[in-house]
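# Understanding the architecture of this molecule
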Amino acid sequence: EIFKRLKAAGDDPHRLSAILITHEHCDHVYGLATLAKKLKVPVFMTGATHHVWARAVREQKGERPDDSRLEVFESGRSFQVGDILVTPFTIPHDAADPVGFTFRAEGTKIGFATDLGYLPASVRDHLRGCDVLVMESNHDVEMLRGGPYPWSVKQRVMSRVGHLSNEALAEFFAGDYDGGAAYVVLAHLSEQNNHPEIARGAAE
């Protein structure tokens, strides 16, 4: 799927120089072992994320994943991937050690934050001065409340370690956001509890 989407965007997957993992939930790591093996590139994740992911792979496949290309990083400590300075920062989500990222290269800063229940001051600080902002706009609160998910899942999604709603992101844009980005990408939209036009309308 990743190969297909990269090719559709006009990119060659074999030009990738690294894989960065934000957290171990299955919608973020499914296929990681296969992708890393095909591309033979370093995989960056925190130690806690790797521990939980490796255990899940062992339980599922009965074998340890190949971690010979593993690069462990810590939240708050920057590292380089080629000419890109990567800064991971802690986000509030129900995972082992979830992170967002900022990327800096040639005077440009990109912020990436999905899978977070709310926007604490520390996250807002990392997202200042971005030229491009990729932000979660996961669900419309009313669609989620009236939607098909079990109540326990709805509670998880709406919790402070769940997912950012359209409304919460709109509040950030209206209040504490510096307005500096030339491009804003709304990401991690729920298929069941959101619609691109609703998310876009709230953000605008």
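As shown above, the structure is provided for reference.
Keep in mind that this is a model prediction, so the values were computed, not measured.

### Considering the pattern of salt bridges
- Counted by the stated rule, this structure contains ten salt bridges.
- Across the pair arginine 145 and glutamate 142 runs a salt bridge whose closest N-O atoms are separated by 3.1 Å. Here glutamate 142 and arginine 145 lie together in helix 6 (residues 141–146), a separation of three residues that amounts to about one turn.
- Overall, the relative accessible area of 45% leaves arginine 145 in the partly exposed class.
- According to the relative accessible area criterion, glutamate 142 is exposed, its value standing at 53%.
- Linked through salt bridges whose partners overlap, the residues forming this network are Arg124, Asp125, Arg128 and Asp176.

### Let's talk about helix 8 (residues 166–174)
- Within helix 8, the full set of buried residues consists of Asn166, Leu169, Ala170, Phe172 and Phe173. Buried residues in helix 8, looked at end-on, bunch into an arc of 155 degrees, giving them a common side. Those residues of helix 8 that are exposed and angled more than 90 degrees off the buried face are Glu171 and Ala174.
- Looking at the buried positions of helix 8, the neighbouring elements they touch are helix 5 (121–126), strand 8 (132–136), strand 9 (183–187) and helix 9 (196–203).

What counts, and where the lines are drawn
Residues numbered from 1 in each chain as written. Predicted model: local features only at pLDDT ≥ 70, side-chain atom pairs only at ≥ 80, totals over all residues. Heavy atoms only, no water. Salt bridge = Lys/Arg side-chain N within 4 Å of Asp/Glu carboxyl O. Helix = DSSP H or I, 4+ residues; strand = E, 2+ residues; numbered from the N terminus. Buried < 20%, exposed > 50% of the residue type's maximum accessible area, 1.4 Å probe, protein only. Arc of directions from axis to C-beta. Contact = heavy atoms within 4.5 Å.

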